[in-house]
Amino acid sequence: MKSKKLITARKRWCNTLSNEIISIDVGNKYTKIIVGNSSRVLSFDKELTPQGAVFEDGLHDINTLSTLIKSMLTKRNIATKDVCFVIRGRDVVIRHIEVPLMGMDKLDEAVVWEITQYLPELASDYYIDYQIANRATFKSDKVYKVMVVAAPKKKLDKYIQLASILELKVKAIDVAANSVARVFAGVYHFNKSLESIGVLDIGAMSTSISILDKGSLFIEREIPIGVSQMAESFGSNFTSDPDKFHENFVTKFNLLNAEADNSAQGKIKAMFDNLMEVLQKITSFYRGGNYEKKLDYVFLLGAGCEVYGIEKYVKESIGADVRALISMEELNLKMQVPYGFDARFYSNCLGMLFRDRAHGLNLLPDNMKKSKSYMQTTKKVTIAAIIASLLVVFISAGIFAYYMFIKAVNKELESRIDSKSKVRIENVMLTIEESDYKNYIEKAEKLTISKRIVSEKVYNLKNHKPEDVIFQSVVYNGGDYTISAVTTNNESISAMTAMLQMSNEYRGSRIKDVKLKDQKYTFTIVIRGE
């Protein structure tokens, strides 16, 4: 039990540290939440919206809704405090206008004035914001292409109150169609040749039809026809159990075989025909009289994707390629999602994770957000500060690099000076060693010469002695050679004396210290050096 509590606490702590946000879509049929950021979906959930909590796409019973959402967040161990909402409804006014290039503070005023003429009530009763669609090309276009949205204050204030009850901080409120447009941005990035995409979101209680032009929302219409009405109308012919209406509808209704008549299938077919008629009108408005301008694709979202034959039916109705969104891979979004996540049912929430915080649409009251002109000024100041900081860093780095260079040069010079001092010391030592070696060599040469002389004197002496005379030792001292010898014949000493006197080499030699011991005569021969 303790380990589970620790894991839960760790998850909540990690969520708090991240840049994740809670995205909430409160619909007439379902309430959906996603928690994540632009690179991953951490968690998602969907619950039936309590009966009476929503009325005509507006929040009605926020206390009941807060209880539901709080239980959903608790169930998923979500501790993130930042939240955003998506809204929809026919009371939300969306217009696309073109405005001459001007400062952002002037643009703020211009878009409010432009949309005021389309509002059924006073502008003061609406929260108004805008989004520049051609931010990348407005200089070449020489105009701002702006999407302006106005939503009733009494509608949006309910969302702000709901967040307050949940103790969450509202970061943004956006329209569902604009949020869905961001989900399909990856499709445009993957296929640069695409121009227009239609999105048909057939939900439980209503259907949203949108056209995206080069990734931006061009037009959106909401029709109060949804799968729940269709399922109830059709399923009631087979069962009295409301819980089985939807199952009977998706398993038994065939859109391709149905005819618009008073039969159960015919009534549903008539509803779909009404949807296609609106889609065709919206497409014609988008073309603007240019019949060569067609939709590249129409993507199907929501519960309507499950209707048998829906893709072929829509394709035959509007003449464009149609595909029901099946997997995240089709969206080409670099995003990690949990197992079981189905983008068909969560596109409204998912798009909020990709919202541009600085330039994206935000219908919050002015006192809860920063204006676009302020954001633009802040961005310029930030860029200037970054450039100044980079200059300081580069200059400091240059000074430090020069300092390190000088230090390295100084160290190299010290090393050279030190090496030269060592060379001088080594030179003196070598001179001393050389002198010592010379002395050694001279002494060695003297010893070698003396040894050679002694060896010759002694070697030649054998030619001037009788055979019985034996040399015992030779001593060289002061140029004289003293040789100790022994013999058993006394006459051999006299004979050797005569032989030495008669030679030229040993003429100056003499014999002395003749002694008799143990019948042997020892004597000494002294030879004077030259």
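No experiment lies behind these values; they were computed from the predicted model shown.

1. Thoughts on the side chain of Thr239
For step 1, the next point in the chain: Locating Thr239 in the fold gives a position in the loop between helix H8 (227-235) and helix H9 (245-252).
For step 2, the next point in the chain: You can call Thr239 buried: its relative accessible area is 18%.
For step 3, the next point in the chain: With residues near it in sequence (within four places) discarded, Thr239 still touches Lys244, Phe245 and Asn248.

2. Focus on the confidence of the model for the protein
For step 1, the next point in the chain: Summary statistics for the protein give a mean pLDDT of 84 and a share of 89% for residues scoring 70 or more.
For step 2, the next point in the chain: At the level of individual helices and strands, the protein shows its lowest average pLDDT in helix H1 (residues 2-17), which scores 45, and its highest in helix H5 (residues 153-165), which scores 97.
For step 3, the next point in the chain: The model gives residues 1-17 a pLDDT under 50, and that stretch makes 11 contacts with residues more than four places away or in other chains.

3. Some points on the sheet that holds strand E14 (residues 297-301)
For step 1, the next point in the chain: Pairing in this open sheet of 5 strands is mixed, and the strands run E13-E12-E11-E14-E15 from one edge to the other. The open sheet is flanked by strand E13 (216-223) and strand E15 (321-324), the only strands paired with a single partner. Direction aside, the axes of adjacent strands within the sheet are offset by 20° on average.
For step 2, the next point in the chain: Sheet topology places E14 next to E15; 4 bridges connect them, and they run parallel. For Leu300, the partnering residue across the bridge sits in E15 and is Ala324.

4. Regarding the pairing of strand E12 (residues 207-213)
For step 1, the next point in the chain: The buried fraction of E12 amounts to 6 of the 7 residues, a majority that puts the element mostly inside the structure.
For step 2, the next point in the chain: Here 7 bridges tie strand E11 (residues 196-202) to E12, and the two strands are oriented antiparallel to one another. Directly across from Asp201, in E12, lies its bridge partner Ser208.
For step 3, the next point in the chain: Between the antiparallel neighbours E11 and E12 lie 4 residues.
For step 4, the next point in the chain: Pairing of E12 with E13 involves 7 bridges; the strand directions are antiparallel. In the sheet register, Leu212 faces E13, and the bridge partner there is Leu217.

5. Describing the pairing of strand E19 (residues 520-527)
For step 1, the next point in the chain: Summarising burial for E19: 6 of the 8 residues are buried, a large majority.
For step 2, the next point in the chain: The pairing of strand E17 (residues 480-487) with E19 spans 7 bridges and is antiparallel. Across the sheet, residue Ala485 finds its bridge partner in E19, namely Phe523.
For step 3, the next point in the chain: Inspection of the sheet shows strand E18 (residues 510-517) paired to E19 by 6 bridges, in the antiparallel sense. Each residue of the ladder has a partner; that of Leu516, found in E19, is Tyr521.

6. Comments concerning the packing of helix H6 (residues 176-183) against helix H12 (residues 343-352)
For step 1, the next point in the chain: The N-to-C vectors of H6 and H12 enclose an angle of 85°; their axes lie 7 Å apart at closest approach. Between H6 and H12, the angle falls in the class roughly perpendicular. From H6, Ala176, Ser179, Val180, Arg182 and Val183 reach across to H12, where they touch Ser347, Asn348, Leu350, Gly351 and Met352.

7. Comments concerning the nonpolar core
For step 1, the next point in the chain: One finds Phe184, Phe272, Val314 and Leu350 to be the most contacted residues of the largest nonpolar core, which totals 107 residues.
For step 2, the next point in the chain: Top element by residues in this core is helix H10 (residues 264-287). It accounts for 7 residues.
For step 3, the next point in the chain: Leaving out residues up to four positions away in the same chain, Phe272 has contacts with Ile202, Met230, Phe253, Leu255, Val307, Ile310 and Tyr313.
For step 4, the next point in the chain: Core analysis: the next-biggest nonpolar cluster, separate from the first, contains 17 residues, Val93, Leu107, Tyr126 and Val146 among them.

8. Regarding the packing of aromatic side chains
For step 1, the next point in the chain: A complete count under the given rule lists 15 aromatic pairs for this structure.
For step 2, the next point in the chain: Relative to Tyr346, the ring of Phe44 lies with its centre 5.4 Å away and its plane at 75°, an arrangement referred to as edge-to-face. Separated by 302 residues along the polypeptide, Phe44 in strand E3 (residues 40-48) and Tyr346 in helix H12 bring together distant segments of the chain. Taken individually, Phe44 and Tyr346 each receive the classification buried, so the pair is uniform in this respect.
For step 3, the next point in the chain: Consider the rings of Phe234 and Phe253, whose centres lie 5.6 Å apart with planes at 75°: the pair is edge-to-face. Residue Phe234 is found in helix H8, and its partner Phe253 is found in the loop between H9 and H10; the two are separated by 19 residues along the sequence.
For step 4, the next point in the chain: Following the ring pairs from residue to residue traces out a cluster consisting of Phe234, Phe238, Phe249, Phe253, Phe272 and Tyr313.
For step 5, the next point in the chain: Across from the ring centre of Tyr30, 4.7 Å away, lies the NZ or CZ of Lys46, which sits over that ring.
For step 6, the next point in the chain: Of note, Arg95 hangs over the ring of Tyr118, and the distance from its end group to the ring centre comes to 4.7 Å.

Calculation rules
Each residue is numbered by its place in its chain's sequence as written, counting from 1. Local features in a predicted model are, by the rule used here, given only for residues with pLDDT of at least 70; side-chain atom pairs are given and counted only at 80 or more, and totals for whole chains, interfaces and linings are based on all residues. The side-chain figures draw on all heavy atoms in the structure; neither hydrogens nor water molecules are used. What counts as a helix is a DSSP run of H or I of at least four residues, what counts as a strand is a run of E of at least two, and both are numbered from the N terminus. Think of it in three bands: residues with accessible area under 20% of the maximum for their type are buried, residues over 50% are exposed, and the middle band is partly exposed, with areas taken using a 1.4 Å probe on protein chains only. Contacts were defined at the residue level, with two residues in contact if any of their heavy atoms lie within 4.5 Å. Confidence scores here are pLDDT values: one per residue, from the predictor, ranging 0 to 100. Between any two strands, pairing holds if DSSP finds at least two bridges. In this analysis an axis means a line fitted to C-alpha atoms, helices contributing only their contacting stretch, and an angle means the value between N-to-C directions, from 0 to 180 degrees. Oblique is the label for every angle not falling under 35 degrees (roughly parallel), over 145 degrees (roughly antiparallel), or within 65 to 115 degrees (roughly perpendicular). Think of a nonpolar core as a cluster: buried Ala, Val, Leu, Ile, Met, Phe, Trp, Tyr and Cys residues, connected wherever their side-chain atoms sit within 4.5 Å. Any pair of Phe, Tyr and Trp rings, taking the six-membered ring for Trp, is counted once the centres come within 6.5 Å. Such a pair is stacked with planes under 30 degrees apart, edge-to-face with planes over 60 apart, and tilted for the rest. Think of it as a cone above the ring: NZ of Lys or CZ of Arg counts as a charge over the ring if it is within 6 Å of the ring centre and within 35 degrees of the ring normal.

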